[in-house]
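Observations on the model geometry
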Amino acid sequence: MQYYSTRNKNEKAGFAIAALTGLAPDGGLFVPGEIPQYPAHVRSSLGAMDFCDIAFETIKPFVQGEIPDSALDDIIRSAFTFTAPLVPVADRFAVELFHGPTAAFKDFGARFMARAFSYLRRGEERPLRILVATSGDTGGAVADGFFGVEGISVTVLYPKGRVTPLQERQIAGLGKNISAIAVEGSFDDCQRLVKAALADNDLKKRMTLSSANSINISRLIPQMVYYSAAAGRAFAGRVDMDGEATPRVKGVAPSAAAKSGLPVTLCVPSGNFGNLTAGLYAMKMGAPVTRFIAATNINKTVPDYLDSGEYLARVSQATISNAMDVGAPSNYERMAAHFSWEEMRRIILGVSVSDEETRETIVRVHKDADYFIDPHSAVGWKGVDKLRAENKIENGAVGILCTAHPAKFSEVVRPLAGEPPVPSSLALAMERTVNAATIPAEVSAFIETLNTYN
Ligand SMILES: *Cc1c(COP(=O)(O)O)cnc(C)c1O
């Protein structure tokens, strides 16, 4: 598979280069030269296949020629030790993406990426430093994914005071090959610093750098897997009431999700739009998704673009769904490389949800369906309610991608719905001690700090 830069079709690279460098040399994002199709027998059995088998069929064409099948299979089986259960809740289903070690969907991408990097760099002498900007969840997932991986260190930048205590411990509590920097600014500032450092030629002479944001294609590719798995099962009318699906739902009829062959609508709570981009790729491969909903908080750059055809990036505003506080979503550039505005409008419905509506939804879903929902997933839930009220959603199965475990955002959830059950991985993380440097939101300060590491 060849990848090319969103800014120049002639700027090409294979999977290894695209993954390890993160950003194309011209500052663009790598996108796949073509989206492969699932073979017919895979496409027709997505609803019944094992998660790791779907992962293998999905990822294989994207790494062909660079990761042999047996190594890919090892990477997948060690990365995806958890799945994404489909849980019926009231009149829709939850796609629970939070059963990984940091309790958010980013574990899928980060764990695959860490293992792929480790394989691609086998035999390398020079250590690699990965730079990650995070609005909260990416940092923890990447730090956890790479923790203890030999020859690779990770530096996480996060907006000081804008992540939860748990997120801060997941980011800045591991130590060893993981270092953390609290930036006095916003997530957009963190992202700007990372982009500047990755483009700094002096720095690049001194150290081998890469990124691990959703701008890295190797994080996006594994995220296709749960779309294909969820859409396949929803289309086949299958849901998971047992296994690892938590929190449990009591006595709720799996109405919408229990019939087969109906249109499948998936609602994606979005910030930087990496997750939705992966969904679009999965759909292009042949996953039976009829429509996507891009649900944002008040940082509604993309819903506004879908409305008006005019893309206006802006400064991000803080909300209670802070992993989606992105005013200039990087992956818009990828979406625009594959789809025109008209095409996007046919596939994606945009909707934006306020903090007030998000809180009201957390209360209501808990009361009506006995289900704890985190603020990000609540944005998706409410987004579906709003679009349904406008008759914009087809009948059929409607799934909300639940991007984080409610206990991860218990500061918000607890006063509204009571204490959600805490997974053991989160309980352990809370016991760590934060160890982070603090810097102003300036490129020079960041580079100075980086230089102290070597
Ligand atoms: C990162 C994140 C999002 C947003 O995902 P994007 O790929 O940036 O659109 C939503 N919810 C949670 C919990 C997240 O961590």
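Right above here is the structure, for reference.
What comes next concerns the included structure. (Residues numbered from 1 in each chain as written. Predicted model: local features only at pLDDT ≥ 70, side-chain atom pairs only at ≥ 80, totals over all residues. Heavy atoms only, no water.)

Section: the site of the ligand
Near the ligand there are 15 residues, and of these K106, D137, G271, N272 and T403 occur at the shortest range. K106 is positioned such that a nitrogen or oxygen atom in its side chain is 2.4 Å from an oxygen atom of the ligand. F273 places a main-chain nitrogen or oxygen 2.8 Å from an oxygen atom of the ligand. Against a free-state accessible area of 380 Å², the protein chains account for coverage of 97% of the ligand. (Near = heavy atom within 4 Å. Polar contact = N/O pair within 3.5 Å; in protein donor to acceptor, adjacent residues only side chain to side chain. Areas by Shrake-Rupley, 256 points an atom, 1.4 Å probe, with all protein chains shown as cover.)

A short note on the sheet that holds strand β3 (residues 30-32)
Strand pairing in a sheet is mediated by backbone hydrogen bonds. Such pairs are either parallel or antiparallel. If you walk across this open sheet you meet the three strands as β2-β1-β3, and the pairing is antiparallel. Sheet topology places β2 (8-13) and β3 at the edges, where each strand pairs with a single neighbour. Pairwise comparison of adjacent strand axes, ignoring direction, gives a mean angle of 45 degrees for this sheet. As defined by bridge partners, strand β1 (residues 3-5) adjoins β3 across three bridges and the pair is classed as antiparallel. Residue pairing in the sheet places S5 in a bridge with F30 of β3. (Pairing = 2+ DSSP bridges. Helix = DSSP H or I, 4+ residues; strand = E, 2+ residues; numbered from the N terminus. Axes fitted to C-alpha atoms, helices over the stretch in contact; angles between N-to-C directions.)

Notes on the sheet that holds strand β5 (residues 92-96)
The six strands are arranged β4-β5-β13-β10-β11-β12 in an open sheet whose pairing can be described as mixed. Unpaired on one side and paired on the other, β4 (86-89) and β12 (348-352) mark the two borders of the sheet. Ignoring which end each strand starts from, the neighbouring axes of this sheet average 25 degrees apart. Strands in contact with helix α10 (residues 217-235) are β4, β5, β10 (264-269), β11 (291-296) and β13 (397-402); relative to β10, the strand with the most contacts, it is inclined by about 145 degrees. (Contact = heavy atoms within 4.5 Å.)

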